[in-house]
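Structural overview for review
Single-letter residue listing:
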Amino acid sequence: MASELDVISTVESFLGVSLRSESAVMILTTMVAVILGLLIFVWRRTSDRGRDVNQLVVPKAVAIPAEDDEAEAAVGKTKVTVFFGTQTGTAEGFAKEIALAEEIKARYDKAAIKVVDLDDYAVDDDQYEEKLKKETLAFFMVATYGDGEPTDNAARFYKWFTEGKEREAWLQHLTYGVFGLGNRQYEHFNKIAKVVDELLSEQGMLIPRVVEFQPPGCSTMILTFGNEPEVLGSSLLGIKVLPWCRVMGQAHITKCLAVRVICFQTKKFDLGNKCCSNHHALTIYLGAKRLVSIGLGDDDQCIEDDFSAWRELLWPELDLLLRDEDDTIAVSTPYTAVIPEYRVVIHDPYVTSSEDKFLNMENGNTSIDIHHPCRVKVAVQRELHTLESDRSCIHLEFDPSGTDIIYETGDHVGVYAENCDESVEEAGRLLGQPLDLLFSIHTDKDDGTPLGSSLPPVFPGPCTLRTALAQYADLLNPPRKAALSALAAHASEPDEAERLKFLASSQGKDEYSQWVVGCQRSLLEVMAEFPSAKPPIGVFFAAVAPRLQPRYYSISSSPRYVFHRVHVTCALVYGPSPTGRIHKGVCSTWMKNAVPFEKSHNSSGAPIFIRPSNFKLPVDPLTPIIMVGPGTGLAPFRGFLQERLALKEDGVQLGPALLLFGCRNRRMDFIYEDELNNFVEQGVLSELIVAFSREGPQKEYVQHKMIDRASNVWNLLSQGGYLYVCGDAKGMAKDVHRTLHAIVQEQENVEPSQAEAIVKKLQSEGRYLRDVW
């Protein structure tokens, strides 16, 4: 007891206060709590900087809160919004670091720029209109995916924008530009960008006005808005409109928005050579103003050059909008994009890495999607081709038991596979870094300030370089020009640096197109050609290697028939590239080597998610269906037939169903042959029609079988039937489409234009559906 009193006395003398009162004890307790809190805070900050373990599986940029939108445009600034709709990250890259936003920021002090994911722009559909009304200058970088479909992150906006209610004047204050990302090999080249561009220009107010046309030969068009006559000082439907008028002796120049004119009397747009008589009422469509013509990027060639050409058209127009008349400042030197680079922290090898936690992590998100996939095990894996085949096709079953993964027949599954060990080891060698290096990447500086908005979101860390290269780096696709520029900046040999710079330049367009794109040189191949180019890890993952994207597969099963299984039918991608390198598809190679848990406790697994599709069976099971799917195009139809079998077993009556399947040889690649024959025996499939392209003297494909049964095909469609096509978009789907036109023209005895209208009607009614890639 005496010793305790001695301690209290010592503390009292040190603090200069008495601790024998209640108030003093409270003061001391508070002081201790504050000190402990500060110590914990400092320790946590230090620990976070050292380890920075992130539990996100797939990185995604954080959405800007709605309340911050208006605060971003400061006084005297012009708000510029760059939207992107992307599937693989290219459109986002054009919007951000390698392209638009950063250069606008560098050129114009007056611009307050913001880059926005279309999916994050609005919480709900109603907010889209509310927010778009406030935009004055916006650019849309939008990709077209699949069979003319919007990308996943643009799907909600596109549906709202194209199917929404009729609106009164709401975009007349918007100036905009659109750049599309597509591939000319596909039928609906850049469809999404074209539709967005057209709707932006058209959506506006309808204003009946009186116009006065001068006699033929005079190109002046006068519109009266209220009591004041105004002259359109721009081209209108090919008519050059002079900036003057002789009405009331005044000249009123109007800078027009996008304008279309319809005469109430003739209902025609062409007023150039067939002018109506004077004073006919016209309808003027005033919508958003198109700053420059739409840009159409072609990924089959060099989409970066397409983007650069479109971007150069912007600067003269933006100079007028974002520079004051007395502003003589101009960009004296060409803009050079800053090479993005993460801050990298190297960790002690004994620190537990996030990859260990990730392997056993349960997905805690209520919504499983592309940004929040769920790791599942492989239950079954087997080869579908016979030993006689020199190719391979894998049947694989994921087991989502115990997860929230659900799907419907006809949906797609996205799979995050890993690069093979061979590619990972080659990448480590080219970087000159050990694969067991434990590191993490960060988008802020040591002091916590951000490095810049152009950096892609980080991936989880700490992790080893082996894991990062396997799970997050796209190593096998041809590198973009921006990646070549980053490699050039870190090439120690001057000749190699100059060669890389040339390939990345506009002058090197043809050589890049031939040497990189045409020869399908992978990133690893290009790096091997320039061995002195060894970018730091922070540059490699930020600017050289894009993120490894998920691969999508049409699910080849029905949840109504197989419980707790997601089936995939995958053709192995394996063959020589133009350079002689053996190209191995990332995901198909992973599936080929996957170990199912039915064979081993140490089974394979992958993060997956479900992407909904509109490729569905008719609501009425009695509706006739025709399915066309050669090779792995059979996948969704296997699910359809499983669903029909489950319905039949429940006593539901089924309508007729035809399946046109194609393969090379029945002895080699007739996949699921026994199952298909069983579907016929069970009455689920009315007729199985198979085209063998390598058995006879002439190649026979599914479109030839369609022609042979033209009458039956058209009879079923005429009865309200559905036509489904699944498979290769560049070849088979185009051939089937042309064959359908020919069948309609022949069976209905109509002209080609009428046949085309009938086919379009089938599409608009949702009775001609395609799942193509």
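Keep in mind the model is a prediction, meaning the values are calculated, not measured.

Now for the overall build of the protein. In terms of helices and strands, the protein carries 24 helices and 29 strands. Accessible area of the protein: about 37600 Å², with a carbon and sulfur share of 52%.

As enumerated under the stated definition, the model contains 34 aromatic pairs in all. With centroids separated by 5.1 Å and ring planes inclined at 75°, the aromatic side chains of F640 and Y724 adopt a geometry described as edge-to-face. Here Y724 lies in strand β28 (residues 722-727) and F640 lies in helix α19 (residues 635-649), a separation of 84 residues in the sequence. Cluster of aromatic residues (ring-pair linked, three or more members): F83, Y121, Y128, F140, F157, W160 and F161. Over the ring of Y121 we find K131, and its NZ or CZ is 4.7 Å from the ring centre.

Okay, helix α14 (residues 494-504) next. Inspection of α14 places E496, A497, L500, L503 and A504 among the buried residues, and these make up the whole buried set. Down the axis, α14 shows its buried residues gathered within 130° of arc, on one side only. Exposed and facing more than 90 degrees away from the buried side of α14 are P494 and D495. Contacts from the buried residues of α14 go to α13 (481-489), α15 (509-518) and α16 (523-529).

Attention now goes to the packing of helix α4 (residues 100-107) against helix α9 (residues 303-322). Where α4 contacts α9, the axes come no closer than 12 Å and their chain directions differ by 30°. In terms of axis orientation, α4 runs roughly parallel to α9. Judged by the twist between their axes, the crossing of α4 over α9 is right-handed. Residues L100, E103, I104 and R107 of α4 pack against F307, R311, L314, W315 and L318 of α9. Broken down by class, the residue content of the contact of α4 with α9 amounts to six nonpolar, no polar and three charged.

Another point: the sheet that holds strand β19 (residues 463-464). The sheet built from three strands is open, its strands ordered β14-β18-β19 with antiparallel pairing. Either end of the sheet is taken by a strand with one partner, and the two such strands are β14 (343-346) and β19. Pairing analysis gives two bridges linking strand β18 (residues 438-442) to β19, with the strands arranged antiparallel. Directly across from F439, in β19, lies its bridge partner C463.

Moving on to the side chain of Q703. Within the element layout of this structure, Q703 appears in helix α21 (residues 702-708). Side-chain polar atoms of Q703 contact the side chain of D735, separated by 3.5 Å. Setting aside residues up to four positions removed in sequence, Q703 forms contacts with D735 and T739.

On to the environment of F670. Looking at the element boundaries, F670 is found in the loop between β26 (657-663) and α20 (673-681). Residues F670 and L384, 286 residues apart in the sequence, show an inter-C-alpha distance of 8.2 Å.

F398, V413, V415, L469, F540, F541 and M591 are the most contacted members of the largest nonpolar core, which totals 80 residues. For F398, the contacting residues outside a window of four places in its chain are V376, K377, V378, V415, H564, R565, V566, V568, W590, A606 and I608.

Summed over the entire model, instances satisfying the criterion amount to 40 salt bridges. With its nearest N and O atoms 3.5 Å apart, the salt bridge here joins E135 to K79. Taken together, the residues span a long stretch of sequence, with E135 in the loop between α6 (125-132) and β3 (137-145) and K79 in strand β1 (residues 78-85) at a distance of 56 residues. With relative accessibility at 1%, the residue E135 sits in the buried group. The salt bridge partner of R767 is E765, with a shortest N-O separation of 3.1 Å. The class for R767 is buried, based on a relative accessible area of 15%.

Here strand β5 (residues 175-182) lies mainly inside the structure; eight of its eight residues are buried. Residues T175, G177, F179 and L181 line one face of β5 and the alternating positions Y176, V178, G180 and G182 line the opposite face, and both faces are buried. Two elements, β3 and β5, share seven bridges in a ladder whose sense is parallel. Within β5, the residue paired with F139 across the bridge is G177. As defined by bridge partners, β5 adjoins strand β12 (residues 289-290) across two bridges and the pair is classed as parallel. Residue pairing in the sheet places Y176 in a bridge with R290 of β12. The pairing of β5 with strand β13 (residues 295-298) spans four bridges and is classified as parallel. Looking across to β13, one finds that G180 is bridged to L296.

Now for the packing of helix α22 (residues 710-718) against helix α23 (residues 732-748). Between α22 and α23, the shortest axis-to-axis distance is 10 Å and the interhelical angle comes to 85°. What the angle tells us is that α22 and α23 run roughly perpendicular. Across from A710, S711, W714 and L717 in α22, the residues of α23 making contact are L740, I743, V744, Q747 and E748. A breakdown of the residues in the contact of α22 with α23 according to their chemical character gives six nonpolar, two polar and one charged.

Our focus in this paragraph is the sheet that holds strand β27 (residues 687-692). The pairing of strands in a sheet comes from backbone hydrogen bonds and takes either a parallel or an antiparallel form. The strand order β27-β26-β25-β28-β29 describes an open sheet built from five strands, whose pairing is parallel. The open sheet is flanked by β27 and β29 (768-772), the only strands paired with a single partner. Neighbour-to-neighbour, the strand axes of this sheet turn through a mean angle of 10°, independent of strand direction. Direction of pairing for strand β25 (residues 625-628) relative to β26: parallel, over a ladder of four bridges. When the sheet's bridge partners are listed, V628 is paired in β26 with L660.

Before going further, it helps to examine the confidence of the model for the protein. Overall, the predicted model of the protein reaches an average pLDDT of 80, with 74% of residues at or above 70. Ignoring residues within four places in sequence, the model shows residues 1-5, a span with pLDDT below 50, making one contact including any to other chains. Residue range residues 356-363 is modelled with pLDDT below 50. Its contacts to residues more than four positions away, or to other chains, number 13 contacts.

What follows is about unusual backbone geometry. Cis geometry marks the peptide bond from G461 to P462; its omega dihedral reads 0°. Looking at where P462 falls in the secondary structure, it is placed in the loop between β18 and β19. Positive phi, normally seen in glycine, also occurs at Q520, with a value near 55°. Mapping Q520 onto the fold places it in the loop between α15 and α16. Backbone geometry at H564 places phi at a positive 55°, although glycine is not the residue there.

Attention now goes to the environment of K534. Considering the arrangement of structural elements, one finds K534 in the loop between α16 and α17 (537-544). For K534, a relative accessible area of 40% corresponds to the partly exposed category. Discounting chain neighbours no more than four positions away, the residues touching K534 are R429, L430, L431 and H490. Engagement of the side chain of K534 in a polar contact is seen with the backbone oxygen of P531, the distance being 3.4 Å.

On to helix α7 (residues 155-163), then. Taken residue by residue, α7 has F157, Y158, W160 and F161 as its buried positions. Down the axis of α7, the buried set is contained in an arc of 165°. They therefore lie on one face. Away from its buried face by more than 90 degrees, α7 exposes K159 and E163. Where α7 is buried, its residues touch α5 (118-121), α6, β3, β4 (149-150) and α8 (191-202).

Rules behind the numbers
- Residues numbered from 1 in each chain as written.
- Predicted model: local features only at pLDDT ≥ 70, side-chain atom pairs only at ≥ 80, totals over all residues.
- Heavy atoms only, no water.
- Helix = DSSP H or I, 4+ residues; strand = E, 2+ residues; numbered from the N terminus.
- Areas by Shrake-Rupley, 256 points an atom, 1.4 Å probe, with all protein chains shown as cover.
- Phe/Tyr/Trp six-rings, centres within 6.5 Å; stacked < 30°, edge-to-face > 60°.
- Lys NZ or Arg CZ within 6 Å of the ring centre and 35° of its normal.
- Buried < 20%, exposed > 50% of the residue type's maximum accessible area, 1.4 Å probe, protein only.
- Arc of directions from axis to C-beta.
- Contact = heavy atoms within 4.5 Å.
- Axes fitted to C-alpha atoms, helices over the stretch in contact; angles between N-to-C directions.
- Parallel < 35°, antiparallel > 145°, perpendicular 65-115°, else oblique.
- Left-handed = near helix turned anticlockwise from the far one by under 90°.
- Nonpolar A, V, L, I, M, F, W, Y, C, P; charged D, E, K, R; others polar.
- Pairing = 2+ DSSP bridges.
- Polar contact = N/O pair within 3.5 Å; in protein donor to acceptor, adjacent residues only side chain to side chain.
- Core = buried A, V, L, I, M, F, W, Y, C linked by side-chain atoms within 4.5 Å.
- Salt bridge = Lys/Arg side-chain N within 4 Å of Asp/Glu carboxyl O.
- pLDDT = per-residue confidence, 0-100.

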